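Observations on chain architecture
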Amino acid sequence: MSTPDLFRLSAAEMAAGVRNRRFRARDLVAASLERIAALDGRLKSFITVAPDVALAAAEAADRRVEAGGPLGPLHGVPVGIKDLTLTAGLRTTYGSTLYADLIPDTDDLSVARLKAAGAIVVGKTNTPEFGFGAITGNELCGPTANPYDLDKTSGGSSGGSAAAVAAGLVPLAQGTDFGGSVRTPASFCGVVGLRPTPGRIPSPGRALAWDGLATQGFLARDVADAALALAAVSGPDPRDPTSLPVPEWTVPDLDALDPMSLRVAWSTDLGSALIDLGLAERFEAVMRGLEGRFGDFVEATPDCREAGAAFGTLRAAHIFHTYGRTLEQDGDRLSPSVAWNIARGKGLSAADYLRAEAQRSALYRRFAAFFRDHDILMTLSASVPPFPNAQGDVTEINGFRLSTIIDYLAITYTVSLIGFPCLSIPCGWTADGLPIGLQLIARPYEEDRLLRCARFLERELEFRHRWPSP
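Since the structure is predicted, the reported quantities are computational estimates derived from the model, not experimental observations. (Residues numbered from 1 in each chain as written. Predicted model: local features only at pLDDT ≥ 70, side-chain atom pairs only at ≥ 80, totals over all residues. Heavy atoms only, no water.)

1. Some points on helix α4 (residues 109-116)
- Taken together, the buried positions of α4 are occupied by L109, S110, V111, R113 and L114.
- If you follow the buried residues of α4, they end up packed against β2 (78-82), β3 (120-125), β6 (172-177), β8 (215-220) and α7 (223-233).
- Looking at the residues trailing α4, positive phi occurs at G118, about 100 degrees. (Buried < 20%, exposed > 50% of the residue type's maximum accessible area, 1.4 Å probe, protein only. Helix = DSSP H or I, 4+ residues; strand = E, 2+ residues; numbered from the N terminus. Contact = heavy atoms within 4.5 Å.)

2. Quick look at the sheet that holds strand β11 (residues 376-380)
- One open sheet holds the 11 strands; their spatial order is β1-β3-β2-β6-β8-β7-β14-β15-β11-β9-β10, and the pairing between them is mixed. Strands at the two margins of the open sheet, each flanked by one partner only, are β1 (46-49) and β10 (296-299). Shown here is a sheet whose adjacent strand axes are inclined to one another by a mean of 25 degrees, direction ignored.
- Bridging between strand β14 (residues 422-429) and strand β15 (residues 435-441) involves seven bridges; their strand directions are antiparallel. In the sheet register, S424 faces β15, and the bridge partner there is Q439.
- Helix-sheet contacts for helix α2 (residues 25-43) involve β1, β2 and β3, and the interaxial angle to β3 is about 20 degrees. (Pairing = 2+ DSSP bridges. Axes fitted to C-alpha atoms, helices over the stretch in contact; angles between N-to-C directions.)

3. Thoughts on the UniProt feature "domain: Amidase" (unreviewed entry) in the protein
- When the UniProt feature table is mapped onto this chain numbering, "domain: Amidase" (unreviewed entry) sits at residues 27-451.
- Along residues 27-451 one finds 35% helix and 16% strand; the C-alpha atoms at either end are 30 Å apart. (UniProt positions renumbered as here; feature names shortened; annotations may be inferred.)

4. A closer look at the environment of T301
- Positionally, T301 belongs in the loop between β10 and α9 (307-330).
- The spacing of T301 and T379 is 78 residues in sequence and 9.5 Å in space, taken between C-alpha atoms.

5. A look at the packing of aromatic side chains
- If you walk through the whole model with that rule in mind, you get 17 aromatic pairs.
- An aromatic cluster is built from Y94, Y99, F130, F132 and Y323, whose rings are joined through pairwise contacts.
- The positively charged end of R8 is found above the aromatic ring belonging to W467, 5.1 Å away from the centroid.
- Looking at R35, its charged tip hangs above the ring of F7, at a distance of 3.8 Å from the centre. (Phe/Tyr/Trp six-rings, centres within 6.5 Å; stacked < 30°, edge-to-face > 60°. Lys NZ or Arg CZ within 6 Å of the ring centre and 35° of its normal.)

6. Brief notes about the packing of α9 against helix α11 (residues 350-370)
- At a minimum axis separation of 8 Å, α9 and α11 run at an interaxial angle of 130 degrees. Here α11 runs oblique to α9, going by the angle between their axes. As α9 packs across α11, the resulting crossing turns out to be left-handed. Taken together, the residues of α11 that come into contact with α9 (itself represented by A307, A309, A310, T313, L314, A317 and H318) are D352, Y353, A356, E357, Q359, R360 and L363.
- Across the contact of α9 with α11, the residue classes break down as eight nonpolar, three polar and three charged. (Parallel < 35°, antiparallel > 145°, perpendicular 65-115°, else oblique. Left-handed = near helix turned anticlockwise from the far one by under 90°. Nonpolar A, V, L, I, M, F, W, Y, C, P; charged D, E, K, R; others polar.)

7. As for the environment of K44
- Position of K44 among the secondary structure elements: in the loop between α2 and β1.
- The spacing of K44 and M260 is 216 residues in sequence and 43 Å in space, taken between C-alpha atoms.
- Apart from the residues lying within four places of it in its own chain, the contact partners of K44 are N126, C141, G142, P143 and T144.
- In this structure the side chain of K44 is engaged in a polar contact, spanning 3.0 Å, whose partner is the backbone oxygen of G41. (Polar contact = N/O pair within 3.5 Å; in protein donor to acceptor, adjacent residues only side chain to side chain.)

8. Quick word on the side chain of K124
- Looking at where K124 falls in the secondary structure, it is placed in strand β3.
- Looking at K124, its side chain comes within polar contact range of the side chain of T87, at 3.0 Å.
- K124 has contacts with S45, F46, I47, T48, I81, K82, D83, T85, T87, L90, R91 and T92, leaving out every residue within four places of it along the chain.

9. Remarks on the pattern of salt bridges
- Applying the stated criterion to the full structure yields 24 salt bridges.
- In this structure, R239 engages D237 in a salt bridge whose closest nitrogen and oxygen atoms are separated by 2.9 Å.
- A relative accessible area of 9% means that D237 is categorised as buried.
- In this structure, the salt-bridge partner of R443 is E446, at a minimum N-O distance of 3.1 Å.
- The class for E446 is partly exposed, based on a relative accessible area of 23%.
- When salt bridges that share partners are traced, they join D255, R455, E458, R459 and E460 into one network. (Salt bridge = Lys/Arg side-chain N within 4 Å of Asp/Glu carboxyl O.)

10. Focus: unusual backbone geometry
- With an omega dihedral of 5 degrees, the bond running from G142 to P143 counts as a cis peptide bond.
- Of note, P143 is situated in the loop between β3 and β4 (145-146).
- At the junction of G156 and S157, the peptide bond is cis and its omega measures out at 5 degrees in the coordinates.
- Inspection of the secondary structure assignment puts S157 in the loop between β5 (149-153) and α5 (159-166).

11. Let's talk about the layout of surface pockets
- Estimates place the volume of the largest pocket at around 1200 Å³.
- Elements supplying a minimum of two residues to the lining of the largest pocket: β6, β8, α9 and α10 (336-343).
- Top contributing element to the lining of the largest pocket by residue count: α9, with six residues.
- Tallied by class, residues from the lining of the largest pocket come to 19 nonpolar, 18 polar and nine charged. (1 Å grid on protein atoms, 1.4 Å probe; cavity = no way out; pocket = protein on both sides within 12 Å on 5 of 7 lines; lining within 4 Å. Points joined across faces, edges and corners; volume = space filled by probe spheres on them.)

See the structure below:
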C-alpha cells in the first residue's frame, strides 16, 4: 500500500501493520500529515499541528519495533487530541485567545495513556472557546467544516475531532462530552462517537473531583477502533474519586452477540426533546427497518420531562464556578456565546442547585427502572441535521423558538445527566446527503453490550462511516 493510501486504514489495521512490519510508524504519520496539508485548509479541524514532534515520535516508535520491544495496542497510530485537553510541550489553547500561547508541561492522564499504548499525537483538534458552542469555531481557528458539505457545521464541541476522523486526517481522535459534545459531531460527521460511563476514563485534573456530568470519549470510523481507544485509557486512578475501582476495561469479542437475546426500546424524542420533522421521519423509517432484528423491539421511553430544568441549572452552576472569574476579568475578550453560558450561573442559590440534583436523582431512578425491562435504548444522536456554520446557534426547530441556545441538545444532555454509557453510530442520510446518527444507550458499566450492539448494526446493516467526496 502506498503511503498516501494509508489514511484509509483503521487504527487497528495500522497498529497491526506496524507490528507485522508491513509499514513503519513514520509512514502512517507522514500519510496523516499529508492528508492534513491537503484538506485542513478547508476543513479547519486542527488548531495546532506538530509535524516535527509527531515524526520524531514515529522514529522512536520504529526503533522500538526494530529492537523487538513490547508494543502497545495503538503503536504507531496517529491521533488527534481535542484542544481542551492538556498535552505536554504542545500548545493547548482551549479555543480561546486568553490561552493562545499556553504550552503545558504535563499530559492529561488520557493523553499519557494513549502515548503509553503507542499512539502518536499529530496535533490538537479544534473546539469552540472553552467547549461552549453549537459550531466548532473561535478567534484562533475555524469554523470547522463538515466534510460532507463545507458550508455546514461539524457540530460542537468535538467538531474538530469528528471532522478530522471522518475525512481521514487521523483514524482516531479524543473528545470531551458534557451535553453531547462527542455524540452531536459524530452524528453530523458520520462517525462513531463514544461516551463511556463516567469514571471509566479517569480525569484527575478536573476542578470538581466528584463531577460526573462531563466525560472524555472518542471519535472513530468504526466501533472496533472506539473500543480499542477506550481500552487504552481506562483503568482506575486514585487521584480521581469517580474512577471505577476495577481493572482496566478490555476489548471484548465484539461479534459475540445474539441479537435475539436483546430487549431493545426506541424513542424518537425521549418524550421531551423537540426534533426536526424531516429527521424524525427518517429515523422512524430506520426503526421500522429494525423490526424483527432483536428479541424484543418496542417504542418506549422513561419520563424525561424534568431533564431540561435539571441540566440547565447544573450546567450553569458548574460553568460559573469554573469560569466566573474569567468573565469578571476578561469578559470583553470572550465570545458572546461563552459570556452568556458563564453568566447564566451567576445568581443560582444552593436551593436551586439541590433542586436540580433531586430532579437528576429522580430521572436516574426512572432510567434504572426502565432498564430492568430493556437492555438498549435507541434514539437520535442530534435533534437537527447539520446546519450552516454561518448560522451560529440553534434557536428554533420546526418554527418553534427555543428557550435557550442549549435546548437543541436535549436528546443528548438527558443521557449526560444520568451517566449511562452511550454512543452515536451512523444510521442514514438526510434528503440532501448529510449523515444521521443513531444514539445507543446501555446500563452503567455495560460498555461491552453497548459496543456489541453497535458492532452488530455496523456489520449486519451497514450502519457505518462512508468516505466523503474528496
